[in-house]
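Notes for the structure review
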Amino acid sequence: MSDSMDRKLSLAERLALRGHFLACKSCPPALREMHLVRKATRALSPAPADASVQAAESVPEHHLSETARQRIRQSLRDTTAE
């Protein structure tokens, strides 16, 4: 599922994922949640400019301020309430 968010899947991969979704009731909601988190994090700040990509990559992914965490939580609540 996460690969489908990072790159275009091949036809065989897309079919396999859809087939899995037919049998697995947990994965479709999990994928929707992954999309919501991605949307929320993108809304928090713009993508880094080319010159600052290296600096952004040096920050651990798990390093979020409490304010950022609260905004993500609120965005998720707002999105799921719709």
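What comes next concerns the included structure. (Residues numbered from 1 in each chain as written. Predicted model: local features only at pLDDT ≥ 70, side-chain atom pairs only at ≥ 80, totals over all residues. Heavy atoms only, no water.)

**A few points about the overall build of the chain**
Inclusion rule: Helix numbering and strand numbering both begin at the N terminus, where a helix is a DSSP run of H or I of at least 4 residues and a strand a DSSP run of E of at least 2. Exposed residues in this analysis have more than 50% of their type's maximum accessible area, buried residues have under 20%, and partly exposed residues fall in between, with area computed by a 1.4 Å probe over protein chains only. What makes two residues a contact is simply this: any of their non-hydrogen atoms within 4.5 Å. Using a 1.4 Å probe, the Shrake-Rupley method yields the accessible areas, and only the shown protein chains count as cover for residues.
Broken down by element type, the chain carries 5 helices and 0 strands. Its helices and strands in sequence order give the chain the pattern α-α-α-α-α, from N to C terminus. Per-residue burial over the chain gives 12% buried out of 82 residues. Restricting the contact set of the chain to residue pairs at least 6 apart, pairs at least 24 apart contribute 60%. Accessible surface computed for the chain: about 6700 Å², of which carbon and sulfur atoms make up 56%.

**As for the nonpolar core**
One recurring pattern in soluble globular proteins is that nonpolar side chains are buried together. Keep this limit in mind: Residues enter a nonpolar core if they are buried and are Ala, Val, Leu, Ile, Met, Phe, Trp, Tyr or Cys, with the set joined through side-chain atoms within 4.5 Å.
Grouped together as the largest cluster of nonpolar side chains are 7 residues: M5, L9, L17, F21, C24, C27 and L31. At the level of secondary structure, the elements contributing two or more residues to this core comprise α2 (11-23) and α3 (27-44). Setting aside anything within four residues of it in sequence, one finds L31 in contact with M1, S4, M5 and F21.

**Considerations on the pattern of salt bridges**
Between side chains of opposite charge, pairing is possible as soon as their charged atoms come close. This is how the line gets drawn: What counts as a salt bridge is simple: a side-chain nitrogen of Lys or Arg found within 4 Å of a carboxyl oxygen of Asp or Glu.
All chains considered together, the criterion is met by 2 salt bridges. The salt bridge partner of D3 is R7, with a shortest N-O separation of 3.5 Å. Residue E13 is joined to R7 by a salt bridge in which the shortest nitrogen-to-oxygen separation is 2.9 Å. The class for R7 is partly exposed, based on a relative accessible area of 36%. Residues joined in a network through salt bridges with shared partners are D3, R7 and E13.

**Quick notes on α3**
Counted only if it meets this: To estimate the expected span of a helix, count its residues, drop one, and scale the result by 1.5 Å.
Helix length check: α3, at 18 residues, gives a terminal C-alpha distance of 26 Å against a target of 26 Å (1.5 Å per residue), a fit within 8%. Among the residues making up α3, those that are buried are C27, L31 and A40.

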